[in-house]
Amino acid sequence: MNQNNFTFHSALPKAEDTDSFIDLEKLLAIVTRRGRTIGACVGVLIALAVVYLLFATPVYTSMTQILLDESLSKYSSDTVSPAASSQQADMEISSAVEILKSNEMALRVVDTAGLSDNETILHQPMSPMSLIKSGAKLVASMVTLGGPAMSEDEAREARRQTAAALLQENVTVERVMRSSVIALSFRSTDPQLAAKITAAYADAYLTDQLNANFDATERASVWLQERLNDLRQRAQQASLEVEKYKADNGLTSTGGELMSEQQLADLNKQLIIAQADTASASARFNQFKSIIDQGPDGAVKNATISSASGQVNNTSLQDLKNRYLTVQKREQEIIQDFGAQHPQAVALKTEREDITRQIFQELQQLTASYSNEYDVARSREASLRENIQGVVGKNSEANKSVVHLNELDQKAKALKTLYESYLGRFEEASQQRSFPIAKARVISQAGVPTAPSSPKKTMVMALSAVLGLMIGCGFAGFQEFRERFFRVEADVRTNLGLKFLGYLPLLGRAARPKTRFWYQKPDQKVLVPPRETEGNVGFDRMMRVAVDSPRSIFAETLRNAKLASDVMLQGRTDRVIGVVSALPGEGKSTTAANFAALLASSGKRTLLIDADLRNPGLTRMLKTVPKTGLIEAALGEVPWASAVRVDPRTKLAILPVVLRDHLLHTSELLSSPGMMNLMDAARKMFDYVVVDLAPLAPVIDAKAFAPQVDAFIYVAEWGATPTSMVKNLLEQEPQINAKILGVILNKTDMSELTRYSEFGGTERYRQKYVSYYTEEETTKVEEKA
């Protein structure tokens, strides 16, 4: 027996990279196939909304608008208040909102509108939470000991407080956008009562504003009157103290100043002038003294300083300097031409030295003159200082008295100014009491509502539909997340990397009714195999579905499997093809029977072996129970040819299985020498040997028989077999995985197939080519049934 292994496909491929953007085609496909779930959720929520609307109590809302206008107060004051900042305006509006929400305002409305005994207010419809709280309070009151009975006044006050609390719960106060308008609304089951309470709130607020202004002005006037009397007495007393202190200390003044202060000021002015003269004389004396100290030669070089500065008339000194320069220049010329020993050079030198002596003497005289001037200035300055010290000594006592006098005078002036300020404010407050103007006005009167504000039928229905849609989409998304089964061809290629052979429609029962889409023809039909009797399908008919309907999609899928085996097993005259699945009940026996029948009807010598020794579903479909089968033939108890059954119509040879209770090691039997001899004999007599093997997950029989199989056809149930299980099984069994021709999706609901296909998938275009092999053969099958 030839046991060569053939690899028909590559290793499992990596999943293709998906686009990072939202795939609208996928979303549309999900919505299409989960439309029933989404529609059911929307329907349930809409039904709940309808029930709520039928039993909900209508609530009416009346609204009024109040404008906070600072300009209304301009008539009550002579001065214009500066414009308030945005932050201050926001604070004032927020304060007004809180005042309208306050318990004090609610109590005032209860009193003015007489709501303490109103049954509509005191016995409003209660919410479920309120009912629970009320029940809890009732139970608690029954358990605890009751207190003393309330008096009539206490009961009246309790109803008043209860009504105020209920008003606070149902009133809504809010600012309108960024304006100075406050919108106040009240909700009630009685539209007339809602309008009445809303108007009462507006009137109560305006009255509160008037009362608050009047009370504040009244209190300010009383307080200012008391302060004015006190300030007048204190100002008069302070003025008297100033005059009395002047008289007691002999503080006379001229032009607002004391006599001693004026004398001291004059002496200070004279001292400043004397100090300036002394500084000037000192500067001139020091300048000339420094020139004299340099000697005759140095004095000659600086002889023009005083003249340049313009301090004194130095005409003689300047003349001597000019003569000195002329002689010096002439001397230098003679020395340059005739030498220093020339008689004329010697005479010029003597003349230059004489002029130098005269210049030095002139500078000495000027220095002595400036020295005398400096001494006189110093003497005058010293005399002025002595006079000032004398005056200061006399004025020190007067200054001490003046300090205290100034303090008394400032106190008297401050009291007088404060008295005048308070007097003006008192007069202003007295005038404002006569202006009953509030800083607010009603710009929208409270009207009687004609339609209930709650519940809003359109909004409730829309929200229920949206909520139902969201819940339905969430549940549909959860279902999609849990979708881990084989549905379309792409699932096989992506998860297993195997060749996809096709779909086998669901047999044995009618397919579920489906919703017809715009692209589907109204006369498309579902392939249903003929039934012999109600609820039972005979083996001969189940195995001949592909033969009876050769142009059906069922037969076309099995032909694709045959073509795959012919291509992959070229050059082999005998071929052993195993049919396997992961789990029981996936239809591998039916697939193996129809595949073998299709091969036999095409003229090939075909043997169908039921090798599922623990659950032989193929054998159970035989009308007559066999007495011998595969087990007896493999053990050598009977010739294997005697156990074969032949279908007279298709000439298909069938080797069934007779179960034995004591047969425990089925895998050893399938891999035994007897089984190998049987397969060798079958290869010699038949072109195709189709073996129906046990599922891979529960038992190892298929793994034990795998060396004797040339190729496998893998059957998976559509929408039921987990992809991860099949992937793991094939990864653990590389010997089987390497021989798989392809995967067939069995029990496919063809009406639902399009919904799971992505854009570009072949399933999307099934309606374009379904007429090639569906309608005629399906009609034929139905007529035979």
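Keep in mind it's a predicted model, so treat the numbers as computed, not measured. (Residues numbered from 1 in each chain as written. Predicted model: local features only at pLDDT ≥ 70, side-chain atom pairs only at ≥ 80, totals over all residues. Heavy atoms only, no water.)

Caption draft 1: Here's a closer look at the nonpolar core. Leu607 and Tyr714 are the most contacted members of the largest nonpolar core, which has 54 residues in total. Look past the residues within four positions of Leu607 in its chain and what remains in contact with it is Trp640, Val644, Ala653, Ile654, Leu655, Ala682, Phe686, Tyr688, Val689 and Val690. In this structure, Met542, Met543, Leu599 and Tyr688 belong to the second largest nonpolar core, which totals 36 residues. (Core = buried A, V, L, I, M, F, W, Y, C linked by side-chain atoms within 4.5 Å. Buried < 20%, exposed > 50% of the residue type's maximum accessible area, 1.4 Å probe, protein only. Contact = heavy atoms within 4.5 Å.)

Caption draft 2: Spotlight on the confidence of the model for the protein chain. Considering every residue of the protein chain, the mean pLDDT works out to 77; 76% of them sit at 70 or more. Within the protein chain, no element has a lower average pLDDT than helix H29 (residues 775–784), which sits at 45, and none a higher one than strand S12 (residues 688–692), at 94. Contacts from residues 1–20, a stretch scored under 50 in pLDDT, to residues over four places away or in other chains number 39 contacts. (pLDDT = per-residue confidence, 0-100. Helix = DSSP H or I, 4+ residues; strand = E, 2+ residues; numbered from the N terminus.)

Caption draft 3: Local environment of the packing of aromatic side chains. By the definition in use, this model includes two aromatic pairs. Relative to Tyr503, the ring of Phe500 lies with its centre 4.8 Å away and its plane at 65°, an arrangement referred to as edge-to-face. You'll find Phe500 and Tyr503 in the same group, each marked buried. A cation over a ring is seen here: Arg487 above Trp718, with NZ or CZ 4.6 Å from the ring centre. (Phe/Tyr/Trp six-rings, centres within 6.5 Å; stacked < 30°, edge-to-face > 60°. Lys NZ or Arg CZ within 6 Å of the ring centre and 35° of its normal.)

Caption draft 4: Representation of the pattern of salt bridges in the model. Using the criterion set out here, one finds 21 salt bridges in the structure. The partner of Asp566 in a salt bridge is Lys562, with the nearest N and O atoms 2.9 Å apart. Taken together, the residues Asp566 and Lys562, both in helix H18 (residues 553–568) and four residues apart, mark about one turn of the helix. Using a relative accessible area of 18% as the deciding quantity, one classes Lys562 as buried. A salt bridge links Asp687 to Arg605; its shortest N-O distance comes to 2.9 Å. Residue Asp687 is located in the loop between helix H23 (673–685) and S12, and its partner Arg605 is located in the loop between helix H19 (588–601) and strand S9 (606–610); the two are separated by 82 residues in the primary sequence. (Salt bridge = Lys/Arg side-chain N within 4 Å of Asp/Glu carboxyl O.)

Caption draft 5: Summary view of the packing of helix H4 (residues 103–113) against helix H7 (residues 152–170). Packing of H4 against H7 leaves a shortest axis separation of 9 Å and a crossing angle of 115°. It follows that H4 is roughly perpendicular to H7 by the angle criterion. Handedness of the H4/H7 crossing: right-handed. In this structure, H4 contributes Asn103, Ala106, Leu107, Val109, Val110 and Asp111 to the contact, and H7 contributes Arg160, Gln161, Ala163, Ala164, Leu167 and Gln168. Among the residues forming the contact of H4 with H7, the class breakdown is seven nonpolar, three polar and two charged. (Axes fitted to C-alpha atoms, helices over the stretch in contact; angles between N-to-C directions. Parallel < 35°, antiparallel > 145°, perpendicular 65-115°, else oblique. Left-handed = near helix turned anticlockwise from the far one by under 90°. Nonpolar A, V, L, I, M, F, W, Y, C, P; charged D, E, K, R; others polar.)

Caption draft 6: Quick look at unusual backbone geometry. Residue Pro455 is reached from Ser454 by a cis peptide bond, and omega for that bond is -5°. In this fold, Pro455 is placed in the loop between strand S6 (440–444) and helix H14 (457–481). Even without being glycine, Met177 reaches a positive phi, approximately 55°. Within the secondary structure, Met177 is located in the loop between strand S2 (171–175) and strand S3 (181–188). Judged by relative accessible area, which is 73%, Met177 ranks as exposed. In this structure, Lys651 is a non-glycine residue whose phi angle is positive, near 60°.

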